[in-house]
Amino acid sequence: MAPVPSGTHSAGLAMTSESRTTSVTFIGGGNMARALIGGLLQRGYKAGQFHVVEISENARQALEKKFKVRTSANLSTQPPANGVIVLAVKPQQLREVALSLAPLLQSQLVLTIAAGVRCGDLSRWLGNYGRIARAMPNTPALVLAGVSALYAMPGVDATQRSQAGQILACVGSVIWLDDESQLDAVTAVSGSGPAYVFYFMEAMEEAALELGLNTQQAKQLVLDTFTGAAKLASASAEPAAVLRERVTSKGGTTERALSEFDAARLKQHIVTGVISAAARSRELGDTFGQPA
């Protein structure tokens, strides 16, 4: 299967012959790892293809019970040479994990979903290993509705790009990037984006309560409005600005609310906030990559 071209979306990638036999080793068994395992199992992967390295005994037991996968407290055996190693630990833990993993690497794809850690730094910790792909998923992946951006180092071949794309596509859509630095923008837009949506939902629910609706009514109205608007935008080729204009009648209620937002420069504050989040992503990358 050819790699997904940079800048294009993919969802529901078809199973390939490689994916039916590819072994996937997860280092870290947290929420995102569980989402990926669950999504891959739904796509036809078998429990026997997975090995999860997780230090928490309770977490290992939960993984074994839910997914029937093999788990261990440490990576004591060498992962298969043609497999994928998914680094699903906190960025602060990645250097230590990488130093332990380095002697076990042969030609495996190393796929990192640790936010903020750049491929160059990870490669250095892995002994200048070059078969690394970096992904930035977001939390809707937990309900298989996420969006992920992927970047691969030059040492990643077409088969491994396909493997990385299929793993992330099991929890939502995927875009490929040619420039790793664009992951800072992705982090600010889609990585942090769910929090922005929840923030706006909070405000709308608060307004609904002040207008006399009860908690359940406020939640349902706001949640269904966001869900429906997102589906409408997804089904339309029109930009969001055009869709907004179509709801905004001259002299109507929507125009009144939007006038208040514009007077408060709400849109510009949102833009500024997202740009600030991207700057923070770059700062964290600098911090994580500093020598120990």
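So, a few notes on the structure that sits alongside this text. (Residues numbered from 1 in each chain as written. Predicted model: local features only at pLDDT ≥ 70, side-chain atom pairs only at ≥ 80, totals over all residues. Heavy atoms only, no water.)

### Quick look at the overall build of the chain
And then number 1: The secondary structure content of the chain amounts to eleven helices and nine strands.
And then number 2: For the chain, the spread of C-alpha atoms along the three principal axes comes to 70 × 40 × 35 Å.
And then number 3: Expressed as a percentage of its 292 residues, the buried residues of the chain come to 41%.
And then number 4: The contacts in the chain between residues at least 6 apart in sequence include a share of 65% that link residues at least 24 apart.
And then number 5: Carbon and sulfur atoms make up 56% of the accessible area of the chain, which amounts to about 15,800 Å² in all.
And then number 6: One finds the centroid of the 26 positive side-chain charges in the chain at a distance of 6 Å from the centroid of its 23 negative side-chain charges. (Helix = DSSP H or I, 4+ residues; strand = E, 2+ residues; numbered from the N terminus. Buried < 20%, exposed > 50% of the residue type's maximum accessible area, 1.4 Å probe, protein only. Contact = heavy atoms within 4.5 Å. Areas by Shrake-Rupley, 256 points an atom, 1.4 Å probe, with all protein chains shown as cover. Lys, Arg positive; Asp, Glu negative; His and termini not counted. Charge placed at Lys NZ, Arg CZ, Asp CG, Glu CD.)

### So, the packing of helix α6 (residues 182–191) against helix α11 (residues 266–288)
And then number 1: Axis separation between α6 and α11 bottoms out at 8 Å; the angle between their running directions is 130 degrees. Viewed along their axes, α6 and α11 adopt a mutual orientation that is oblique. Handedness of the α6/α11 crossing: right-handed. Across the interface between the two elements, D184, A185, T187, A188 and V189 from α6 touch V274, A277, A278, S281 and R282 from α11.
And then number 2: Broken down by class, the residue content of the contact of α6 with α11 amounts to six nonpolar, two polar and two charged. (Axes fitted to C-alpha atoms, helices over the stretch in contact; angles between N-to-C directions. Parallel < 35°, antiparallel > 145°, perpendicular 65-115°, else oblique. Left-handed = near helix turned anticlockwise from the far one by under 90°. Nonpolar A, V, L, I, M, F, W, Y, C, P; charged D, E, K, R; others polar.)

### What about the side chain of R134?
And then number 1: Structurally, R134 is set in strand β7 (residues 132–136).
And then number 2: A polar contact of 2.8 Å, which involves the side chain of R134, links it to the side chain of E180.
And then number 3: For R134, the contacting residues outside a window of four places in its chain are T112, G116, V117, R118, C119, A149, L150, Y151, E180 and L183. (Polar contact = N/O pair within 3.5 Å; in protein donor to acceptor, adjacent residues only side chain to side chain.)

### Section: α11
And then number 1: The end-to-end C-alpha distance of α11 is 33 Å, a good match for the 33 Å that 23 residues give at a rise of 1.5 Å each.
And then number 2: Considered for burial, the residues of α11 that qualify are V274, A278, S281, G285 and F288. (Expected span 1.5 Å × (residues − 1).)

### Some words on unusual backbone geometry
And then number 1: Non-glycine residue K68 carries a positive phi angle of around 65 degrees.
And then number 2: Structurally, K68 is set in the loop between α2 (57–67) and β4 (70–72).
And then number 3: A positive phi angle is found at N128, which is not glycine, with a value near 60 degrees.
And then number 4: Along the polypeptide, N128 turns up in the loop between α4 (119–125) and β7.

### Points about the layout of surface pockets
And then number 1: Considering only enclosed or pocket space, the second largest pocket measures out at about 930 Å³ in volume.
And then number 2: Surrounding the second largest pocket, 33 residues form its lining, G28, A88, V89, K90 and Q93 being those nearest its centre.
And then number 3: Listing elements by their share of the lining of the second largest pocket, those giving two or more residues are α1 (31–42), α3 (91–101) and α6.
And then number 4: Of all the elements, α3 adds the most residues to the lining of the second largest pocket, at six residues. (1 Å grid on protein atoms, 1.4 Å probe; cavity = no way out; pocket = protein on both sides within 12 Å on 5 of 7 lines; lining within 4 Å. Points joined across faces, edges and corners; volume = space filled by probe spheres on them.)

### A few points about the nonpolar core
And then number 1: Ranked by size, the top nonpolar core spans 34 residues in total, and within it F26, L36, L111 and I167 carry the most contacts.
And then number 2: For this core, the element with the most residues is α1, which contributes six residues.
And then number 3: Excluding anything up to four places from it in sequence, F26 contacts A33, L36, I37, L40, F50, H51, V52, V53 and V86. (Core = buried A, V, L, I, M, F, W, Y, C linked by side-chain atoms within 4.5 Å.)

### Some details on the pattern of salt bridges
And then number 1: For the structure on display, the rule yields seven salt bridges.
And then number 2: The salt bridge involving E255 is made with K250; its shortest N-O contact spans 4.0 Å.
And then number 3: Residue K250 is classed as exposed on the basis of its relative accessible area, which comes to 79%. (Salt bridge = Lys/Arg side-chain N within 4 Å of Asp/Glu carboxyl O.)

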